[in-house]
Amino acid sequence: MAPFAGALSADYIIFSNGTAYEAIVEINDTARYEFTDVGFMGENVPLTVGDIRLTANGTPVPFNTSTPWGRPGSITFEKGNYTVSYTAPLRDNHLQAVFTRPYHVNVTIPEEFNVQNPLLAGLSSGANVTKNPDNTTTVRWNRTYAFDLRFYDDTREQILYFFLQFMGILIVVLVVVPYILSMKASE
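Residues numbered from 1 in each chain as written. Predicted model: local features only at pLDDT ≥ 70, side-chain atom pairs only at ≥ 80, totals over all residues. Heavy atoms only, no water.

Please clarify how unusual backbone geometry should be interpreted in this entry.
For residues that are not glycine, phi is negative in most cases, and the peptide bond is trans in most cases. For D51, which is not glycine, the phi torsion reads 50° and is therefore positive. With respect to the secondary-structure elements, D51 resides in strand β5 (residues 50-56). In this structure, R143 takes a positive phi of about 50° despite not being glycine. (Helix = DSSP H or I, 4+ residues; strand = E, 2+ residues; numbered from the N terminus.)

Here it is as structure tokens:
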């Protein structure tokens with residue numbers, strides 16, 4: 001699917017073990033890119049990244065790396081339009097980003113994970129979920145300034161169903177059985 005005109009694109013590919021992702025982000029008319037994550041209060045926090053690549057039309061471009069103490073790491077380069085790629089760790093099956101311009105975002109989730117159950121997954125508004133023929137899942141946002149995605153594996157889904165069954169049994173034992181016994185006692 002080709003991106004719509006007027007917005008940049010950002011692609012995130014979650015690794016099959018769910019512990020990291022690769023980001024491929026278009027940037028325009030800039031000479032600096034900071035590697036940040038979104039903190040608890042929405043603030044920018046430093047993001048540990050690796051395998052940084054900067055390209056212009058598929059050609060590698062030289063850049064300088066800077067990691068000031070207590071500040072996010074960044075790269076600087078000659079002002080222009082580029083694509084920056086990097087890998088970063090994931091925590092708790094959660095991926096989010098905030099942009100200063102509208103972006104078309106694509107997140108590819110491997111077949112080991114899912115986003116279908118709303119009790120376990122979380123998708124920010126505007127998400128379009130597609131199950132692909134290779135059993136991967138693609139989640140898309142069009143012209144968004146931010147996205148938030150939480151995914152889960154089969155183990156978490158099985159634990160949820162076990163918990164719901166256990167709660168159902170507790171309700172029957174603690175509510176329904178005493179009610180039936182009290183009805184028989186009143187007869």
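After that view of the structure, there is still more to cover.
Looking at this model, I keep getting lost on the nonpolar core. Mind explaining?
One broad trend across soluble globular proteins is that nonpolar side chains are buried collectively. If you look at the biggest cluster of nonpolar residues, it comprises 36 residues, and the most contacted ones within it are Y12, Y21 and V107. Of all the secondary-structure elements, those providing two or more residues to this core are β1 (8-14), β2 (20-34), β8 (74-89), β9 (94-109) and β13 (137-150). Sort the elements by how many residues they give to this core and β9 lands first, with seven residues. Excluding residues that lie within four positions of it along the chain, V107 makes contacts with Y12, I14, L95, T137, T138, V139, W141, F147 and L149. (Core = buried A, V, L, I, M, F, W, Y, C linked by side-chain atoms within 4.5 Å. Buried < 20%, exposed > 50% of the residue type's maximum accessible area, 1.4 Å probe, protein only. Contact = heavy atoms within 4.5 Å.)

Explanation requested: the pairing of strand β12 (residues 128-131) in the structure shown.
Successive side chains on a regular strand alternate, one facing one side of the sheet and the next facing the other. Two elements, β12 and β13, share four bridges in a ladder whose sense is antiparallel. The partner of K131 across the bridge, within β13, is T137. Joining the antiparallel neighbours β12 and β13 is a turn of five residues, in which N135 adopts a positive phi near 70°. (Pairing = 2+ DSSP bridges.)

What am I meant to see in the pattern of salt bridges here?
Two side chains that carry opposite charge are able to pair once their charged atoms sit near each other. Summed over the entire model, instances satisfying the criterion amount to four salt bridges. Between R53 and E22 there is a salt bridge; the shortest N-O distance is 2.7 Å. Placement of R53 in strand β5 and of E22 in strand β2 is noted, with a sequence separation of 31 residues between them. D51 is the salt-bridge partner of R53, the closest N and O atoms lying 2.6 Å from each other. Salt bridges linked by common partners bring E22, D51 and R53 together as one network. (Salt bridge = Lys/Arg side-chain N within 4 Å of Asp/Glu carboxyl O.)

Just to check I follow, could you spell out the pairing of β1 for this structure?
Counting buried positions over the seven residues of β1 gives five, a clear majority of the element. Where β1 and β9 come together, six bridges link them in parallel fashion. Pairing of S9 across the sheet is with H104, part of β9. Strand direction decides the pairing type here: β1 and β2, joined by five bridges, are antiparallel. Bridge pairing links Y12 to A23 in β2. Where β1 hands over to β2, the hairpin turn is made up of five residues, of which G18 adopts a positive phi near 75°.

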